[in-house]
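# Structure assessment
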Amino acid sequence: MKILVINPGATSTKIAVFEDKNKVIQETLQHSVEELDKYKSVMDQKDMRAKAILDFLSKNSLKIEDLDAIAARGGILPPVEGGTYLVDENMVDYLVNRTKVQHASNLAAVIGYELASGASKNIPVYITDPVSVDEMIPEARLSGIKDIERKSLSHISNMRAVGIRIAEELGKKFNELNMVIAHLGSGISVAPFEKGRMIDVNNANDEGPFSVERTGELPVGDVVKLAYSGEYTKDQMKRMFIGKGGLVAYLGTNDLREAFRMAESDPKALEVIEAMAYQIAQEIGAMCVSLKEKVDAIVLTGGMAYSERFVEMIRSYIYKFGPIFVVPGEMEMEALAYGALRVLIGEELPKVWRDER
């Protein structure tokens, strides 16, 4: 099965072609700031990015009709269950006309659907585990303030992909196991998966441990004081929490490798790194509690999992909680391709998305 994977980011579009589970081509198509500034909205970039994808296929002696499916990154949809969804006119209409969040990920399904619609044969388009996957149990939603509900926003695509991979290594199916999976990137998501369902997760933007550039949870009283101090605008506060927090706030870098180099001569830098590892371990421990039963696996993934030293810092706190597996980097392209493949070969049935709000 030949599958085209489309994964747009703010200034790039990742493209890959898979044959079954084998990635045969991958390229990151860069889009300059000058090029993007021509467009009033993210969705206005659609035709430009679609042309770049067609040029990529042509360069590799491929055409749309050579494909068996297109796997697209999920856009900002309302909360959905995990799984693989067929892209149809209803989903495309929502992403183009009704979504409240302008984000590059909204482009993927729309571009994929239009490319497939222009083909001379039927080519299904799928999204798998969009960022808005929400399978949280009711008690996980309460924040303590009636008007604020905890939100499920996470790195679900990569987390579920590595969970499925570890389950295969254990000779099991993902929905037979209880796992805690921690994605350690510029944002950090830690989630308990109970028999395949993500029953809780820290919102990677404003909960959980601090990361290389995000603050994670903060003392609410002090945040209120800052917000009403008159020293910061709303945008400045947001930037402080996402982009200028974490390692950036303490050490001026969002690169863990650079932080470790700084720690060779600066004890304060080492203290900050250790604090981040400590908070990650705390969050993993909390999510182990959420599972109640035996934890079959704790999985560390994402870019920071490449650092053996950092992994050992975390491991020193959690080694008694369950078997620990490390899958460095991210498998987002694989997750999208494998989701489509599972439907194509009949392992899963595709879901149909409906806006039921």
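Quick note: structure is the one above.
Residues numbered from 1 in each chain as written. Predicted model: local features only at pLDDT ≥ 70, side-chain atom pairs only at ≥ 80, totals over all residues. Heavy atoms only, no water.

### Observations concerning empty space enclosed by the protein
Counting across every chain of the model gives two cavities of 30 Å³ or more. Each pocket or cavity is described by its volume, and for the largest cavity that value is around 50 Å³. If you go around the largest cavity, the residues you meet are Thr128, Asp129, Ser157, Arg160, Ala161, Ile164, Ala335, Tyr338 and Arg342. Looking at the lining of the largest cavity, the elements that each hand over two or more residues are α6 (156–169) and α13 (332–344). The element best represented in the lining of the largest cavity is α6, accounting for four residues. Looking at the lining of the largest cavity residue by residue, the class counts come to four nonpolar, two polar and three charged. Approximately 30 Å³ is the volume found for the second largest cavity. Lining the second largest cavity, in full, are Ile188, Asn202, Ala204, Glu207, Pro209, Ser211, Arg214 and Gly216. (1 Å grid on protein atoms, 1.4 Å probe; cavity = no way out; pocket = protein on both sides within 12 Å on 5 of 7 lines; lining within 4 Å. Points joined across faces, edges and corners; volume = space filled by probe spheres on them. Helix = DSSP H or I, 4+ residues; strand = E, 2+ residues; numbered from the N terminus. Nonpolar A, V, L, I, M, F, W, Y, C, P; charged D, E, K, R; others polar.)

### Quick word on the sheet that holds strand β9 (residues 197–198)
Read across the open sheet, the five strands follow the order β9-β8-β7-β10-β11; overall the sheet is mixed. Bordering the open sheet on either side are β9 and β11 (324–328), each of which pairs with just one other strand. Bridging between strand β8 (residues 188–194) and β9 involves two bridges; their strand directions are antiparallel. Across the sheet, residue Phe193 finds its bridge partner in β9, namely Met198. Against the sheet, α6 engages β7 (178–184), β8, β9, β10 (297–302) and β11, with an angle of about 130° to β7. On the sheet, helix α11 (residues 267–291) packs against β7, β8 and β10 and is oriented at approximately 20° with respect to β8. (Pairing = 2+ DSSP bridges. Contact = heavy atoms within 4.5 Å. Axes fitted to C-alpha atoms, helices over the stretch in contact; angles between N-to-C directions.)

### Looking at the packing of aromatic side chains
When we look at a pair of aromatic rings, we describe it by the centre distance and by the angle of the planes. This structure, assessed with the given rule, holds five aromatic pairs. Their ring planes at 65° and their centres at 5.3 Å tell us that Tyr94 and Trp353 sit as a pair that is edge-to-face. On the criterion of sequence distance, the pair formed by Tyr94 in helix α3 (residues 89–98) and Trp353 in the segment after β12 (351–352) is long-range, its members being 259 residues apart. As far as the burial class goes, Tyr94 and Trp353 line up, both buried. Ring geometry for Phe210 and Tyr250: centres 5.9 Å apart, planes at 50°, overall tilted. Of this pair, Phe210 sits in the loop between β9 and α7 (220–227) while Tyr250 sits in helix α9 (residues 247–251), and the two are 40 residues apart along the sequence. Its relative accessible area of 7% is what places Phe210 among the buried residues. (Phe/Tyr/Trp six-rings, centres within 6.5 Å; stacked < 30°, edge-to-face > 60°. Buried < 20%, exposed > 50% of the residue type's maximum accessible area, 1.4 Å probe, protein only.)

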